[in-house]
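Given next are the chains, with one letter for each unit.
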Amino acid sequence: MTLLTAAHASPKPLVVVLLGPTASGKTCLALQLAEQLELSVINVDSRQLYIGMDIGTAKPTKKQQKRVRHHLIDIRHPDQPITLQEFQAAAQLSIKQNLREQGMSFLVGGSGLYLKALTAGLRPPAVSPQPALRKQLNALGQQLCHPLLQAADPTAAARIAPNDAVRTQRALEVFYATGIPISNQQGSEPPPWQVLELGLDPSNLRERITQRTLQLYANGLIEETEQLSQRFYPELPLLQTIGYGEALKVIQGLLNRDQAIALTTQRTHQFAKRQRTWFRRQHHPHWLKGEEPLSEALSLIQAGLR
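The rules behind the values
- Residues numbered from 1 in each chain as written.
- Predicted model: local features only at pLDDT ≥ 70, side-chain atom pairs only at ≥ 80, totals over all residues.
- Heavy atoms only, no water.
- Patch = residues over 30% accessible without salt bridge, like charges linked within 9 Å, V, L, I, M, F, W, Y side chains within 5 Å.
- Areas by Shrake-Rupley, 256 points an atom, 1.4 Å probe, with all protein chains shown as cover.
- Salt bridge = Lys/Arg side-chain N within 4 Å of Asp/Glu carboxyl O.
- Helix = DSSP H or I, 4+ residues; strand = E, 2+ residues; numbered from the N terminus.
- Pairing = 2+ DSSP bridges.
- Contact = heavy atoms within 4.5 Å.
- Axes fitted to C-alpha atoms, helices over the stretch in contact; angles between N-to-C directions.
- Core = buried A, V, L, I, M, F, W, Y, C linked by side-chain atoms within 4.5 Å.
- Buried < 20%, exposed > 50% of the residue type's maximum accessible area, 1.4 Å probe, protein only.
- Parallel < 35°, antiparallel > 145°, perpendicular 65-115°, else oblique.
- Left-handed = near helix turned anticlockwise from the far one by under 90°.

Before we move on, can you summarise a nonpolar patch on the surface with the specific residues and values?
Together, Leu-140, Leu-144, Leu-148 and Tyr-176 make up an exposed nonpolar region whose accessible area comes to about 360 Å². Counting through the fold element by element, Leu-140 comes out in helix 6 (residues 131-140).

Describe in detail the sheet that holds strand 2 (residues 41-43), supporting the description with residues and values.
By definition, the strands of a sheet pair up through backbone hydrogen bonds, in either a parallel or an antiparallel sense. Read from one edge of the open sheet, 6 strands run 3-2-4-1-7-8, paired in parallel fashion. In this open sheet, the two edge strands, each paired with only one partner strand, are strand 3 (70-71) and strand 8 (286-287). Note: strand 1 (residues 14-19) against strand 7 (residues 194-199), 6 bridges, orientation parallel. Directly across from Val-15, in strand 7, lies its bridge partner Val-195. Against the sheet, helix 5 (residues 112-119) engages strand 1, strand 4 (104-109) and strand 7, with an angle of about 165 degrees to strand 1.

If you had to explain the nonpolar core to someone new, which residues and values would you point to?
In terms of nonpolar packing, the biggest core is built from 40 residues, with Val-15, Val-44, Leu-49, Phe-87, Ile-95, Leu-107 and Leu-118 touching the most fellow members. Of all the secondary-structure elements, those providing two or more residues to this core are strand 1, helix 4 (84-102), helix 5, helix 10 (205-218), helix 11 (221-231), helix 12 (244-251) and helix 13 (257-282). Residue contributions to this core peak at 5 residues, all from helix 4. Look past the residues within four positions of Leu-107 in its chain and what remains in contact with it is Val-15, Val-16, Val-17, Leu-18, Ile-42, Val-44, Ile-95 and Leu-118. The next biggest cluster of nonpolar side chains, apart from the first, holds 23 residues, and it includes Leu-37, Val-108, Leu-196 and Leu-294.

If you had to explain the packing of helix 4 against helix 5 to someone new, which residues and values would you point to?
Where helix 4 meets helix 5, the axes come as close as 10 Å, and the angle between the chain directions of the two elements is 55 degrees. Between helix 4 and helix 5, the crossing angle belongs to the class labelled oblique. The crossing of helix 4 and helix 5 is right-handed. On helix 5, the residues touching Leu-84, Phe-87, Gln-88, Ala-91, Gln-92 and Ile-95 of helix 4 are Leu-113, Tyr-114, Ala-117 and Leu-118.

I'd like a rundown of the side chain of Ser-105, residues and numbers included.
With respect to the helices and strands, Ser-105 occurs in strand 4. Look past the residues within four positions of Ser-105 in its chain and what remains in contact with it is Leu-14, Val-15, Val-16, Ile-42, Ile-95, Asn-98 and Leu-99.

I'd like a description of the pattern of salt bridges, backed by residues and values.
Side chains carrying opposite charge are able to pair once their charged atoms draw close together. By the definition in use, this model includes 9 salt bridges. Here Glu-35 ties to Arg-67 by a salt bridge, and the two come within 2.9 Å at their closest N and O atoms. Of this pair, Glu-35 sits in helix 2 (residues 26-37) while Arg-67 is found in helix 3 (residues 62-67), placing the two residues 32 residues apart along the sequence. We classify Arg-67 as partly exposed; its relative accessible area is 43%.

In structure tokens form, the structure reads like this:
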């Protein structure tokens, strides 16, 4: 029985998830799996959703995207933030399309909350972006916004990193729009799929992050950041995220290149640590620990289809 035939034979359609911290090798393995199983990839990286944010997000290259079709990449400009609810709706459409056409669906990414929204059927608040409020929050700065969130919604503030401007602003936006903390509005309804989570977390992650950071700067991260800041504006929340924030400081003369690389590496290590904590608490993946993760992943998928 082929994988596709088995997928149709299963009582519930199978959704395979490949997750892991940044720089763990998800893109490479995802391409191999997708080619072996004749699947497309549904992106679950919150920054790869945006047009022009290619180098800093380590987005699959145009050549890689020709090898395997990718969904939910380059769907919005960086000055038009995508809410979790909007992402979830778009991703669910892609999942249903893939299940119908391919008999299986394949999610790949490291954005924990976005993954959880799909695998657990979270119900995020239906609050549209508030441009005027976001402008005010940008003017206040993250050092003031996160304490505001701690006062308004301590539960959400405890889950959101103090330097995560995007999620902090979203939580404040929901609170000010509805008067109800975002943490009180998030329910769940499990989706009608069988979910198989595969995880990558290599023992040499620190070295991989260091090498990845050097490669981002060598590939033109500073130049990409300059183009984005000129096209939009330097205070854009997505330009404060890891890599872009440090590159912007180089452009502004606040850091030199070596200092920016060191700070980006440090922030990425910290982010990977938070991702590991999230995956350990919120997900239950089969961690791929063998010498041949492709073979191991294929065996687990075959077992999941029986």
